[in-house]
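# Commentary on secondary and tertiary structure
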Amino acid sequence: MAKVVITEEQTSVLENFFRENPSAELLNTYLCYIETKYNIKPVLFLKEKMIYQSADDAVRLLEKEDKIWHEAEIKIGFSNLNVNEQTKKIYICPFTGKVFADNTHPNPQDAIYDWVSKCPENTERVGGLRVKRFFISEDPEMIKSYISKVKYKAPIAKTVFSSVLSGKLFGTKEGVIKDFKENYLKVLSLAEVQNQNKFQIEEHFLDFIQKQLNEERVAPFVEALADMDQFRPRVEKWLE
């Protein structure tokens, strides 16, 4: 069995772990060590009931399945001056680029519904009626692109990114991913991952955990702790 060397940083993490969990058992202690050693930062994506090894892994795998963002094309028009530096949320007509802002219109959502239902450029029909389809964005970069610098300019087409989960628009793919990480992923400890049975663990992450929970890997860790004065009493208690 390979000898385990516990670094100064890992020692500090374990000491803090024991302060917060004075009755910690061997398994959770070992998982804390593994989490630190390999810089594991598990996250739960609740919608899919799936746990990933990290937020970046979640993004990488979910992007392959088109579950985070979609590209969309909208028109940006500058025929009005109702978007300004104080605007926090906008409602956008995808057919003309007309926009209603939260701070310059008393009821922008009703206004956009009314607009798209009568918009002459809206040729989409359901049951003979114009569809009431529009976009919403709270992305500062998107809003900035709508702030009018001139009184009139012909609408231009712009590629944007729509969140699959919320439907909101973002000016960049990075904006959607940032929103996804902040609002749709829950950070877990490795011990929480191991001690739950409600959610599925992504297969590569599960394989990693199973390889680590091998007696040939755990035993050298226990021996390394036993060689350290501050941890020896705890090891002796486990062995009892």
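Structure's up top.
In this report, the structure presented in the accompanying data block is examined. Note that the structure is predicted; figures quoted are calculated from it, not measured. (Residues numbered from 1 in each chain as written. Predicted model: local features only at pLDDT ≥ 70, side-chain atom pairs only at ≥ 80, totals over all residues. Heavy atoms only, no water.)

On to the overall build of the chain, then. Scanning the chain from N- to C-terminus turns up ten helices and twelve strands. Taking 18 Å as the expected radius of gyration for a compact globule of 240 residues, we find that the chain reaches 26 Å, considerably beyond that expectation. Sequence separation of 24 or more characterises 60% of the internal contacts of the chain that already satisfy a separation of 6 or more. Between the mean site of the 34 positive side-chain charges and the mean site of the 37 negative ones, the chain shows a separation of 10 Å. (Helix = DSSP H or I, 4+ residues; strand = E, 2+ residues; numbered from the N terminus. Rg over C-alpha atoms; globule rule 2.2 N^0.38 Å. Contact = heavy atoms within 4.5 Å. Lys, Arg positive; Asp, Glu negative; His and termini not counted. Charge placed at Lys NZ, Arg CZ, Asp CG, Glu CD.)

Ranked by size, the top nonpolar core spans 31 residues in total, and within it Ile6, Leu14, Tyr33, Phe205, Phe221 and Leu225 carry the most contacts. Here Phe221 is in contact with Val4, Ile6, Leu14, Leu26, Thr29, Tyr30 and Tyr33, once residues within four sequence places are set aside. Residues Tyr52, Leu61, Phe161 and Val176 belong to the second largest nonpolar core, which totals 15 residues. (Core = buried A, V, L, I, M, F, W, Y, C linked by side-chain atoms within 4.5 Å. Buried < 20%, exposed > 50% of the residue type's maximum accessible area, 1.4 Å probe, protein only.)

Once that is clear, we can look at the sheet that holds strand S12 (residues 200-201). Strand pairing in a sheet relies on backbone hydrogen bonds, with the paired strands running either antiparallel or parallel. Overall, mixed pairing links the four strands, which are arranged S11-S1-S2-S12 in an open sheet. Bordering the open sheet on either side are strand S11 (185-187) and S12, each of which pairs with just one other strand. With three bridges connecting them, strand S1 (residues 43-45) and strand S2 (residues 50-52) associate as antiparallel partners. Bridging across to S2, Leu44 finds its partner in Ile51. (Pairing = 2+ DSSP bridges.)

By the definition in use, this model includes twelve aromatic pairs. When the ring of Trp69 is compared with that of Phe161, the centres are 5.5 Å apart and the planes differ by 80 degrees; the resulting orientation is edge-to-face. Of this pair, Trp69 sits in strand S3 (residues 69-76) while Phe161 sits in strand S9 (residues 156-163), and the two are 92 residues apart along the sequence. Where Phe180 meets Tyr184, the ring centres are 6.4 Å apart and the plane angle is 20 degrees; that geometry is what we call stacked. One end of the pair is Phe180 and the other is Tyr184, both in helix H6 (residues 173-184) and four residues apart, which spans about a single turn. (Phe/Tyr/Trp six-rings, centres within 6.5 Å; stacked < 30°, edge-to-face > 60°.)

With their axes 11 Å apart at the nearest point, helix H3 (residues 55-64) and H6 run at an angle of 120 degrees to one another. By the criterion of interaxial angle, the relationship of H3 to H6 is oblique. Taken as a pair, H3 and H6 cross one another with a handedness that is right-handed. Only Lys173, Ile177, Phe180 and Lys181 of H6 make contact with H3, whose side of the interface consists of Ala55, Asp56, Val59, Leu62 and Glu63. A breakdown of the residues in the contact of H3 with H6 according to their chemical character gives five nonpolar, no polar and four charged. (Axes fitted to C-alpha atoms, helices over the stretch in contact; angles between N-to-C directions. Parallel < 35°, antiparallel > 145°, perpendicular 65-115°, else oblique. Left-handed = near helix turned anticlockwise from the far one by under 90°. Nonpolar A, V, L, I, M, F, W, Y, C, P; charged D, E, K, R; others polar.)

Sheet topology note: the S9/strand S10 (residues 169-170) ladder contains two bridges and is antiparallel. Paired with Ser162 across the strands is Leu169, a residue of S10.

Where helix H9 (residues 215-226) contacts helix H10 (residues 232-239), the axes come no closer than 7 Å and their chain directions differ by 135 degrees. Relative to H10, H9 is oriented oblique. Counting all contacts with H9, which are made through Val222, Leu225 and Ala226, the residues of H10 involved are Arg232, Val235 and Trp238. Per-class residue counts for the contact of H9 with H10 are five nonpolar, no polar and one charged.

In this section: the pattern of salt bridges. By the definition in use, this model includes ten salt bridges. Across the pair Asp207 and Lys211 runs a salt bridge, and its minimum N-O distance is 3.4 Å. Of this pair, Asp207 and Lys211 both sit in helix H8 (residues 203-212), four residues apart, roughly one helical turn. With a relative accessible area of 36%, Asp207 lands in the partly exposed category. Overall, the relative accessible area of 47% leaves Lys211 in the partly exposed class. Each of Glu48, Glu65 and Lys67 takes part in salt bridges that share partners, so that together they form one network. (Salt bridge = Lys/Arg side-chain N within 4 Å of Asp/Glu carboxyl O.)

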